[in-house]
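# Residue-level structure breakdown
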Amino acid sequence: MVQNVAPLMAELESEDFYLLSGLEQGMRFSRWVARGKLSEFSRLDDEEVSHRLDRCERRGLIERKTIQYTGFRLTFEGYDALALRTFSERDSIEGVGAPLGVGKESDVYEARSYKPLALKFHREGYTNFREVKREREYTADRNHISWFYTARKAAEREYEALRTVYPQVSVPRPVDHNRHGVVMEKLEGVELSKAALDPEQAVGVLDLVLDEVAEAYAQGYVHADMSEYNVFVASDGVTVFDWPQAVPVDHENADEFLERDCGNVVSYFARKYPSETPDIDVSALADAVRAGEFDGVRALA
């Protein structure tokens, strides 16, 4: 957990990060990095490597395993430490605050900076790696896949999508990205799934959400994971978040994902506000989004 790592940052020395970076490099080639390779990867002499292994292992940043050889690898805490150091060196954040949300695929924390920010660390593959490897296409091009590679690719995809669609689409403003971490604007409002909307507002909010889906498509992206859990509602509108599964509109499955996104949103409103939500042909809705002709759900009813 990041909260366990942040207090350790002041204790860590440059040579500790050389070792952690060396392990990161070595894990590109094998799940466990042989002890004899660490001097080469970290550019530390053998005695220094032994000292740094002890320091980092005591702090839970690395772990060891004796198989046919003695091997070492980063823990997610060690990977967190590398990303936190980079964000600090870039002055992107000054510190880490309270958790904003902790889930199976990401942890989000308050980030202390010049204004309220959020620090999101992707965890894809940490607990359900086989499922993620099967479902996420960015794991398909490597024979050896580590948790870190999967999480880093998810963060890269999310950051690139945010940078492309912001500010035309109401998404968290992207600030910085490194490894599996993304720094972004802190969201205000309430998750749509928890929002107590006045029934008379339901269609208006549905239109706002679909407007963002349509604008994202116009900017070149399909969210590909839209639901009531990925939208914040505030007094000034809605914000769509969680973009690691986003795909460009020329992706071979973009049409399928767009229709699924539209269907998920419409289905939620139809379940929660059945009297207010008109019957909508989801295929026609997706066609209108693709054509840049979406003008509210009532026009499709």
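Just above, that's the structure.
Throughout this description, residue numbers start from 1 for each chain and increase along the sequence as written. Selection of residues for local features in this predicted model requires a pLDDT of at least 70, selection of side-chain atom pairs for listing and counting requires 80 or more, and totals for whole chains, interfaces and linings are taken over all residues. Only hydrogens and water are set aside when side-chain values are computed; all heavy atoms of the structure are taken into account.

### Concerning the nonpolar core
Here is the rule we go by: The term nonpolar core refers to a set of buried residues drawn from Ala, Val, Leu, Ile, Met, Phe, Trp, Tyr and Cys, joined through side-chain atoms within 4.5 Å. Exposure is judged per residue with a 1.4 Å probe applied to protein chains only, and the accessible area is read against the type maximum: over 50% gives exposed, under 20% gives buried, and values in between give partly exposed. Segments assigned H or I by DSSP are reported as helices when at least four residues long, segments assigned E as strands when at least two residues long, and all are numbered from the N terminus. The criterion used for residue contact is that any of the two residues' heavy atoms lie within 4.5 Å.
Counting 51 residues, the largest nonpolar core has Trp243 and Phe269 as the members making the most contacts within it. Counting only elements with at least two residues in this core, the list comes to helix 7 (147-165), strand 8 (181-185), helix 8 (202-218), strand 10 (221-222), strand 11 (231-234), strand 12 (237-240), helix 9 (254-272) and helix 10 (282-290). When residues in this core are grouped by element, the largest group, ten residues, is from helix 8. Those residues in contact with Trp243 that sit more than four places away from it in its chain are Arg157, Glu158, Ala161, Leu162, Val169, Val171, Ala216, Tyr221 and His223.

### As for the sheet that holds strand 6 (residues 117-122)
Our working rule: Here, strands pair whenever DSSP counts at least two bridges between them. Orientation is described by lines fitted to C-alpha atoms, with helices fitted over the stretch in contact, and by angles between N-to-C directions that extend from 0 to 180 degrees.
Spatially, 4-5-6-8-7 is the arrangement adopted by the five strands of the open sheet, whose pairing is antiparallel. In the strand order of this sheet, the two ends are held by strand 4 (95-102) and strand 7 (174-178), each with one partner. Direction aside, neighbouring strands of the sheet carry axes that sit 25° apart on average. The pairing of strand 6 with strand 8 spans five bridges and is classified as antiparallel. Bridge assignment links Leu119 to a residue of strand 8, and that residue is Val183. Lying on the sheet, helix 7 is in contact with strand 6, strand 7 and strand 8; it crosses strand 7 at an angle near 155°.

### Description of the packing of helix 8 against helix 10
Put simply, the rule is: Here roughly perpendicular refers to angles of 65 to 115 degrees, roughly parallel to angles under 35, roughly antiparallel to angles over 145, and oblique to all remaining angles. Ten residue types, Ala, Val, Leu, Ile, Met, Phe, Trp, Tyr, Cys and Pro, are classed as nonpolar, four, Asp, Glu, Lys and Arg, as charged, and the remainder, Gly among them, as polar.
Closest axis-to-axis distance for the helix 8/helix 10 pair is 9 Å, and the angle between their directions is 50°. Considered as vectors, helix 8 and helix 10 are oriented oblique to each other. Judged by residue contacts, Leu210, Val213, Ala214 and Tyr217 of helix 8 engage Leu285, Val289 and Arg290 from helix 10. Tallied by class, residues from the contact of helix 8 with helix 10 come to six nonpolar, no polar and one charged.

### Side note on helix 8
For clarity, the threshold we go by: Each helix should span, by expectation, one fewer than its residue count multiplied by 1.5 Å.
Compared with the 24 Å implied by 1.5 Å per residue over 17 residues, the 24 Å span of helix 8 between its first and last C-alpha is a close match. Counting buried positions over the 17 residues of helix 8 gives twelve, a clear majority of the element. Among the residues of helix 8, Ala202, Val203, Val205, Leu206, Asp207, Val209, Leu210, Glu212, Val213, Ala214, Ala216 and Tyr217 are the ones counted as buried. The elements touched by buried residues of helix 8 are strand 10, strand 11, strand 12, helix 9 and helix 10.

### Observations concerning the sheet that holds strand 11
Across the sheet, three strands lie side by side as 9-11-12; this open sheet has antiparallel pairing. In the strand order of this sheet, the two ends are held by strand 9 (190-191) and strand 12, each with one partner. Pairing geometry for strand 11 and strand 12, over four bridges, is antiparallel. By the bridge assignment for strand 12, Phe232 is matched with Thr239. Contacting strand 11 and strand 12, helix 8 runs over the sheet at an angle of about 40° to strand 12.

### As for the side chain of Glu228
Tracing the backbone through its elements, the reader meets Glu228 in the loop between strand 10 and strand 11. Residue Glu228 is classed as buried on the basis of its relative accessible area of 10%. Excluding residues within four positions of it along the chain, Glu228 makes contact with Glu191, Leu192, Ser193, Tyr268 and Arg271.

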